[in-house]
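# Geometric and topological summary
Listed below are the residues making up each chain.
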Amino acid sequence: MKLQNDLILRAAKGEQVERIPVWMMRQAGRILPEYRKVREKAGSFITLATTPEMAAEVTLQPVDILGVDAAIIFSDILVVPEAMGLPYEMIEAKGPFFPETIKTIQDLDKLSKANPVDHLVYVLDAIDIVKKELNGRVPLIGFAGAPFTIFCYMVEGHGSKTFSKAKKMMYSEPELAHALLQRITDATIAYLKAQIVHGADLVQIFDSWAGILSPEQYRGFSLPYISQICDAINEAPITVFAKGAFFAREEIGKTACNVVGLDWNMDISESRKLIPNKTLQGNLDPCVLYAPIAEVEKHTKTMLSAFGKQKYIANLGHGVYPDTDPEKVKCFIETVKAF
């Protein structure tokens, strides 16, 4: 199907665009009262994410309400470990929790050998619905967590400021760590390829916990697996967003990705010098959206001027925070479109 608005795809490929495209991480979420109604009806986050019709509905809301240039499928990065045989729970006000974790090679051997895509049909069904409903209006973004970020949850069992159990395994049992990372990588490649087959126009890898690693550890335990994914995905453009990994920008730029996502701590002009041949995405501090409308507009324009109009996709430097006023979000999006 021919897209009516393919700005993000052209920008991702480094092609000329008439204006800067814009979308936001976590755009399908609690900032919108329409989302909260669907979430209440679902009863739980996991029910919402695993019910294709509901997941599709909240995926489409930001396109209809906020006017973003792409939809991103409503799901969770932790569906991959669940599909590998490690189920998780989503605890209100605390976040994800894995009752069982990977501690030994025996735990690794217990993981499912089946293709994880077989267990993630609900995501693919949601993509099918979204593509039909979008009817070519804007592209659809698919995504997965980076192997290292998924590894953190599978070993630690929950969110953490340090992920010291995960890092302990990397130092004390590197062979086990690498074996688990490879299993995650293989599952992620299969999952992303399936998303593309079902209609995802581009895909993003989220390395949410990249910043807890030293540069040496990142080169050993994250970058090689991200690189494998980028090498394997050639059916659609791919974005790598590694939060906190300012030290790895140049190396990420040398992978086969098309777009490098920046967080708000990554200097724009420095990033352009380090990654001259790739499209950049980002990187407004989400907290700017708490400021008065005039300030939101001012900060957004400053960011856009620094990035320039080509080889750039406007976004925040992380996901939009749930208590953000939707009117401030609209101001951000409209400022980008008018630039």
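What comes next concerns the included structure. (Residues numbered from 1 in each chain as written. Predicted model: local features only at pLDDT ≥ 70, side-chain atom pairs only at ≥ 80, totals over all residues. Heavy atoms only, no water.)

### As for the sheet that holds strand β4 (residues 140–145)
Threshold: Think of it this way: DSSP has to see at least two bridges between two strands before they count as a pair. Runs of E in the DSSP output that reach at least two residues are strands. Runs of H or I that reach at least four are helices, and both are numbered from the N terminus.
Sheet architecture is open: seven strands sit in the order β1-β4-β5-β6-β7-β8-β9, paired in parallel fashion. The two strands at the open ends of the sheet, each matched to only one other strand, are β1 (71–72) and β9 (312–316). Pairing of strand β5 (residues 202–207) with strand β6 (residues 238–242) involves five bridges; the strand directions are parallel. Each residue of the ladder has a partner; that of Gln204, found in β6, is Thr239.

### Notes on the side chain of Thr188
Put simply, the rule is: Any two residues whose heavy atoms approach within 4.5 Å at even a single point are treated as in contact.
Along the polypeptide, Thr188 turns up in helix α10 (residues 174–198). In this structure, Thr188 is in contact with Val80, Ala144, Gly145 and Ile229, ignoring residues within four places of it in sequence.

### Side note on helix α15 (residues 293–307)
Stated precisely, the cut-off is as follows: Residue count minus one, scaled by 1.5 Å, sets the expected span of a helix. Under the scheme applied here, a residue whose accessible area is under 20% of the maximum for its type counts as buried, over 50% as exposed, and between as partly exposed, the area being computed with a 1.4 Å probe on protein chains only. This arc describes the spread of directions from the helix axis toward the C-beta atoms.
Taking 1.5 Å of rise per residue, 15 residues should cover 21 Å, and α15 covers 21 Å from first to last C-alpha, within 8% of that figure. If you check which residues of α15 are buried, you get Val296, Thr300, Met303, Leu304 and Phe307. Buried residues along α15 cover an arc of 100 degrees about the axis, so they all sit on one side. Opposite the buried face of α15, at more than 90 degrees from it, the exposed residues are Ala294, Thr302 and Ser305. Buried residues in α15 make contact with α14 (268–274), β8 (279–284), β9 and α16 (326–338). Directly after α15, the chain includes Gly308, whose backbone phi takes a positive value near 85 degrees.

### Considering the pattern of salt bridges
Note the cut-off: Salt bridges are identified by distance alone: a Lys or Arg side-chain nitrogen within 4 Å of an Asp or Glu carboxyl oxygen.
Taken as a whole and judged by the stated rule, the model has 14 salt bridges. A salt bridge links Arg19 to Asp69; the shortest N-O distance between them is 2.7 Å. Taken as a pair, Arg19 in the loop between α1 (7–12) and α2 (33–42) and Asp69 in the loop between α4 (52–65) and β1 lie far apart in primary sequence, 50 residues in all. In this structure, the salt-bridge partner of Glu295 is Lys298, at a minimum N-O distance of 3.6 Å. Taken as a pair, Glu295 and Lys298 lie in helix α15 at a separation of three residues, close to a single helical turn. For Glu295, a relative accessible area of 30% corresponds to the partly exposed category. One network of salt bridges, with partners in common, ties together Asp6, Arg10 and Glu18.

### What to know about the packing of aromatic side chains
We apply this condition: Two aromatic rings from Phe, Tyr or Trp, using only the six-membered ring of Trp, form a pair when their centres are within 6.5 Å; if the ring planes differ by under 30 degrees the pair is stacked, by over 60 it is edge-to-face, and anything between is tilted.
Throughout the structure, instances matching the rule amount to 12 aromatic pairs. Relative to Phe151, the ring of Phe148 has its centre 6.3 Å away and its plane inclined at 25 degrees; by these criteria the two rings are stacked. Residue Phe148 and its partner Phe151 are both found in helix α8 (residues 147–156); the two are separated by three residues, about one turn of the helix. The exposure class assigned to Phe151 is buried, which follows from its relative accessible area of 0%. For the ring pair Phe206 and Phe241, a centre distance of 6.3 Å and an interplane angle of 80 degrees mean the geometry is edge-to-face. One end of the pair, Phe206, is in strand β5; the other, Phe241, is in strand β6, with 35 residues separating them in the sequence. Of the residues examined, Phe206 reaches a relative accessible area of 12% and is grouped as buried. Taking relative accessible area as the criterion, Phe241 reaches 2% and is therefore assigned buried. Three or more aromatic residues link up through ring pairs in this structure, and these residues are Tyr35, Phe45 and Phe74.

### Re the pairing of β5
Within β5, six of the six residues are buried, which leaves the element mostly enclosed by the surrounding structure. Side chains Leu202, Gln204 and Phe206 of β5 all project onto a buried face; the interleaved residues Val203, Ile205 and Asp207 project onto the opposite face, where all are buried too. Bridge analysis of β4 against β5 gives five bridges, and the strand direction is parallel. Bridge assignment links Ile141 to a residue of β5, and that residue is Leu202.

### Some words on the pairing of β8
To keep it simple, the criterion reads: Think of it like this: strands point away, you trace from the first strand over the helix to the second, and a clockwise trace means the crossover is right-handed.
Here β8 lies mainly inside the structure; six of its six residues are buried. Bridge count for β8 against β9 is five bridges, and the pairing is parallel. Looking at β9, one finds that Leu280 is bridged to Tyr312. Read as a crossover between parallel neighbours, the route from β8 over α15 to β9 is right-handed.

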